[in-house]
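Given next are the chains, with one letter for each unit.
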Amino acid sequence: ISIERFSSGKKRYESKTLLGKKIHINRWNEDGTKRKELFDWEKELLEPNDQWDIPLKYIIKKPSNSSGKQDVLYFMHAYTENLPYYKNHVINQFADNYVTVILQAPYEVSLASGDFSWFDFDLFDGDTVFNENHLNESLEKILSSINKIIEREKISPARIFIGGFSQGGTMAC
């Protein structure tokens, strides 16, 4: 059973999974009434895209010797970065003895900017205030993507490592 809550503590989303398949889903509005329509993030998961049914876009680098079980590194980029930057400048800096997967954050910072974030935040009275819904949705998408990428890319993981830079490091933690 997976439960997601609004910041008020009331239930937002509940799903029950059996043998890897969701068998029951309930949704609620902030006022506690049952929600009949899908959330936007669910609609995004259902829309066909070039990444199969993986919630996050990604780039991957496999080692030249890829037989047997392999260590896999999932890496999340920093605030206002994107996959093209990592594809052209960063992914080749990781060693060639394990599979490297770099995930792209789901939220575009501003319209058509090409820069992405894992969650919105704001500074208020000297403190940082996080958008908990973004944080939780990003975490759910990361976990789902990890499993689906292993399946799609036919990776046999020996061990899985998760890392990130800046805001991506927060998500890794």
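Rules and cut-offs
- Per chain, residues are indexed from 1 in the order of the written sequence.
- Note on the predicted model: pLDDT of at least 70 is required for a residue's local features to be given, and 80 or more for side-chain atom pairs to be given and counted; whole-chain, interface and lining totals, by contrast, use all residues.
- With hydrogens and water set aside, each side-chain value is computed from the structure's full complement of heavy atoms.
- What makes a nonpolar core is a set of buried Ala, Val, Leu, Ile, Met, Phe, Trp, Tyr and Cys residues whose side-chain atoms join them at distances within 4.5 Å.
- Residue burial is assigned from relative accessible area. The probe radius is 1.4 Å, only protein chains are included, and a residue is buried under 20% of its type maximum, exposed over 50%, and partly exposed in between.
- The secondary structure listing takes helices from DSSP runs of H or I that are at least 4 residues long and strands from runs of E that are at least 2 residues long, numbered from the N terminus.
- By the convention used here, residues are in contact when the closest approach between their heavy atoms is within 4.5 Å.
- Here, any two strands with at least 2 DSSP bridges between them count as paired.
- What pLDDT reports is the predictor's confidence in each residue, on a scale of 0 through 100.
- Note on method: axes are straight lines fitted to C-alpha atoms, helices fitted across the in-contact stretch only, with angles between N-to-C directions ranging 0 to 180 degrees.
- Whenever two N or O atoms come within 3.5 Å, that pair is a polar contact, provided that in protein one can donate a hydrogen and the other can accept it, and provided that, for residues adjacent in sequence, both atoms are side-chain atoms.
- The pairing test for Phe, Tyr and Trp rings, Trp by its six-membered ring, is centres within 6.5 Å, and the orientation test on the planes gives stacked under 30 degrees, edge-to-face over 60, and tilted for anything in between.
- A positively charged side chain is recorded as over a ring if its NZ (Lys) or CZ (Arg) lies within 6 Å of the ring centre. The angle to the ring normal must also be within 35 degrees.

J.: How do you make sense of the nonpolar core when you look at a structure like this?
T.: Proteins that are soluble and globular tend to have nonpolar side chains buried together. Counting residues in each nonpolar core, the largest one holds 19 residues, and the members touching the most others are Tyr74, Val101, Leu103, Trp118, Ile142 and Ile149. At the level of secondary structure, the elements contributing two or more residues to this core comprise strand S5 (70–76), strand S6 (99–103) and helix H3 (132–152). Of the residues forming this core, the biggest block, 4 residues, is contributed by H3. The contacts of Ile149, once residues within four sequence positions are left out, are Ile54, Tyr58, Tyr74, Val101, Leu103, Lys154 and Ile155. Leu73, Tyr86, Val90 and Ile102 belong to the second largest nonpolar core, which has 9 residues in total.

J.: How should the pairing of S6 be read in this particular structure?
T.: In the case of a regular strand, side chains alternate between the two sheet surfaces. Of all the 5 residues making up S6, 5 are buried; the element is thus mostly covered by neighbouring parts of the structure. Both faces of S6 are covered, namely the face carrying Val99, Val101 and Leu103 and the face carrying Thr100 and Ile102. Pairing analysis gives 4 bridges linking strand S4 (residues 58–61) to S6, with the strands arranged antiparallel. Bridge pairing in S6 links Ile60 to Val101. Pairing between S5 and S6: 5 bridges, direction parallel. In the sheet register, Phe75 faces S6, and the bridge partner there is Ile102.

J.: Can you walk me through the confidence of the model for the chain in this structure?
T.: Detailed reading of the predicted coordinates is not advisable wherever pLDDT is low. Chain-level pLDDT for the chain is 85 on average; 91% of the residues reach the 70-or-more range. Across the chain, the secondary-structure element scoring lowest on mean pLDDT is helix H1 (residues 40–46), at 63, and the one scoring highest is helix H4 (residues 167–172), at 94.

J.: Would you take a moment to explain the side chain of Ser15 for this structure?
T.: Counting through the fold element by element, Ser15 comes out in strand S2 (residues 11–18). Take Ser15: its relative accessible area is 2%, and that puts it in the buried class. In this view, Ser15 contacts Ile1, Ser2, Lys22, His24 and Ile25; residues no more than four positions away in its chain are not counted.

J.: What should I look at first to understand the pairing of S2 in this one?
T.: Of the pairings in the sheet, the one linking strand S1 (residues 2–5) to S2 comprises 4 bridges and is antiparallel in character. By the bridge assignment, Ile3 is partnered in S2 with Glu14.

J.: Please explain the sheet that holds S6 as it appears in this structure.
T.: Either a parallel or an antiparallel arrangement is found when strands of a sheet pair, and the pairing is made through backbone hydrogen bonds. Taking strand neighbours across the sheet as the criterion, the 4 strands line up as S4-S6-S5-S11 in an open arrangement whose pairing is mixed. At either end of the open sheet lies a strand with only one pairing partner, and these are S4 and strand S11 (157–164). Between one strand axis and the next, the sheet turns through 15 degrees on average, direction left out of account.

J.: I tried to follow the side chain of Lys61 on my own but got confused; where do I start?
T.: Note that Lys61 resides in strand S4. Among the polar contacts made by the side chain of Lys61, one reaches the main-chain carbonyl oxygen of Phe94 at a distance of 2.7 Å.

J.: Would you take a moment to explain the packing of aromatic side chains for this structure?
T.: How two aromatic rings sit relative to each other is set out by the distance from centre to centre and by the angle between their planes. Inspection of every chain in the model, using the stated rule, returns 5 aromatic pairs. Arranged with centres 5.2 Å apart and planes meeting at 65 degrees, the rings of Tyr79 and Phe121 form a pair that is edge-to-face. Here Phe121 lies in strand S9 (residues 121–124) and Tyr79 lies in the loop between S5 and helix H2 (83–89), a separation of 42 residues in the sequence. Judged by centre distance (5.3 Å) and plane angle (70 degrees), the ring pair of Phe119 and Phe130 falls under edge-to-face. Of this pair, Phe119 sits in the loop between strand S8 (116–117) and S9 while Phe130 sits in strand S10 (residues 127–130), and the two are 11 residues apart along the sequence. Among the residues examined, Phe119 registers a relative accessible area of 2% and is labelled buried. In this structure, Lys141 is placed above the aromatic ring of Tyr107, and the distance from its NZ or CZ to the ring centre is 6.0 Å.

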